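Fold and geometry: a report
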Amino acid sequence: MIYDYMETDMAGTLVLAGDEKGLRHLNFISGKHPVAIQGAWQRDPAHFKSVKTQLAAYFAGEHKIFNVDLFPEGTSFQMKVWSALLEIPYGTAVSYQWIARRIDKPDAVRAVGAANGRNPISIIIPCHRVIGKNGALTGYGGGLDLKQRLLRLEKGNVFSANQAPLPFSGR
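Predicted, not measured: the structure shown is a model, and the values here were computed from it.

**Describing the nonpolar core**
In terms of nonpolar packing, the biggest core is built from 41 residues, with Leu23, Leu55, Ile123 and Ile124 touching the most fellow members. Elements supplying a minimum of two residues to this core: strand E2 (12-19), strand E3 (22-28), helix H1 (49-59), helix H2 (76-85), helix H3 (96-102), helix H4 (109-117) and helix H5 (144-155). Among the elements that line this core, the one with the most residues is H2, at five residues. Other than its neighbours up to four places away in sequence, leucine 23 contacts Leu16, Ala17, Gly18, Phe48, Val51, Val68, Asp69, Leu70, Phe71, Pro72, Ile121 and Ile124. Membership of the second largest hydrophobic core comes to five residues, among which are Tyr3, Val15, Ala17 and Trp41.

Below is the structure:
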């Protein structure tokens, strides 16, 4: 596994990790579920140059669609939730119930919330776009303050909601 760090003004220090299959982790170093760098992992800043460029442009409000090979790993249910997250258009917020219905599990709202909270590729798989059905901000791995700032960033830079969702492969 290859990894590197990215310092950002908006989100603090991010950890990126992946391999030839794609990006597997994009986490907040001080978040709820930080990725643990393993001894066999190798640091290679050049490996993530494109991802970092896209993230920097996103944080600057200049980039709305990521072009990154993604390879998250999770349960079948988690993968369905994360795939549904990729369908949420930039500048839009949806409820956990919307996600549950989207994956044909309308009674699984809490499980959707749990899967959302375990998203291994924050920001690019936009779990920050999921809020309570009453419009309240709910948990976020980078903290509610960051979630609110990301939503405000996107709201100020909204464009057509007809963008194609970003596909990913995985187990």
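**Regarding the confidence of the model for the protein chain**
Mean pLDDT over the protein chain: 87, with 91% of residues reaching 70 or higher. For residues 158-171, every residue scores under 50 in pLDDT, and the model assigns this stretch 34 contacts once sequence neighbours within four places are set aside.

**Considering the layout of surface pockets**
Its boundaries defined by the atoms lining it, the largest pocket holds a volume of some 400 Å³. Forming the walls of the largest pocket are 25 residues, and the residues nearest its centre are Asn27, His33, Gly117, Arg118 and Asn119. Among the secondary structure elements, those contributing two or more residues to the lining of the largest pocket are E3, H2 and H4. Grouping the constituent residues of the lining of the largest pocket by class yields eight nonpolar, 13 polar and four charged. The computed volume of the second largest pocket comes to approximately 160 Å³.

**Concerning the pattern of salt bridges**
Under the criterion given, the structure shown has seven salt bridges. Salt-bridge contacts for aspartate 4 lead to lysine 52; the nearest nitrogen and oxygen are separated by 2.3 Å. Residue aspartate 4 is found in strand E1 (residues 2-8), and its partner lysine 52 is found in helix H1; the two are separated by 48 residues along the sequence. Each member of the pair aspartate 4 and lysine 52 is classed as buried.

Definitions and limits used
- Residues numbered from 1 in each chain as written.
- Predicted model: local features only at pLDDT ≥ 70, side-chain atom pairs only at ≥ 80, totals over all residues.
- Heavy atoms only, no water.
- Core = buried A, V, L, I, M, F, W, Y, C linked by side-chain atoms within 4.5 Å.
- Buried < 20%, exposed > 50% of the residue type's maximum accessible area, 1.4 Å probe, protein only.
- Helix = DSSP H or I, 4+ residues; strand = E, 2+ residues; numbered from the N terminus.
- Contact = heavy atoms within 4.5 Å.
- pLDDT = per-residue confidence, 0-100.
- 1 Å grid on protein atoms, 1.4 Å probe; cavity = no way out; pocket = protein on both sides within 12 Å on 5 of 7 lines; lining within 4 Å.
- Points joined across faces, edges and corners; volume = space filled by probe spheres on them.
- Nonpolar A, V, L, I, M, F, W, Y, C, P; charged D, E, K, R; others polar.
- Salt bridge = Lys/Arg side-chain N within 4 Å of Asp/Glu carboxyl O.

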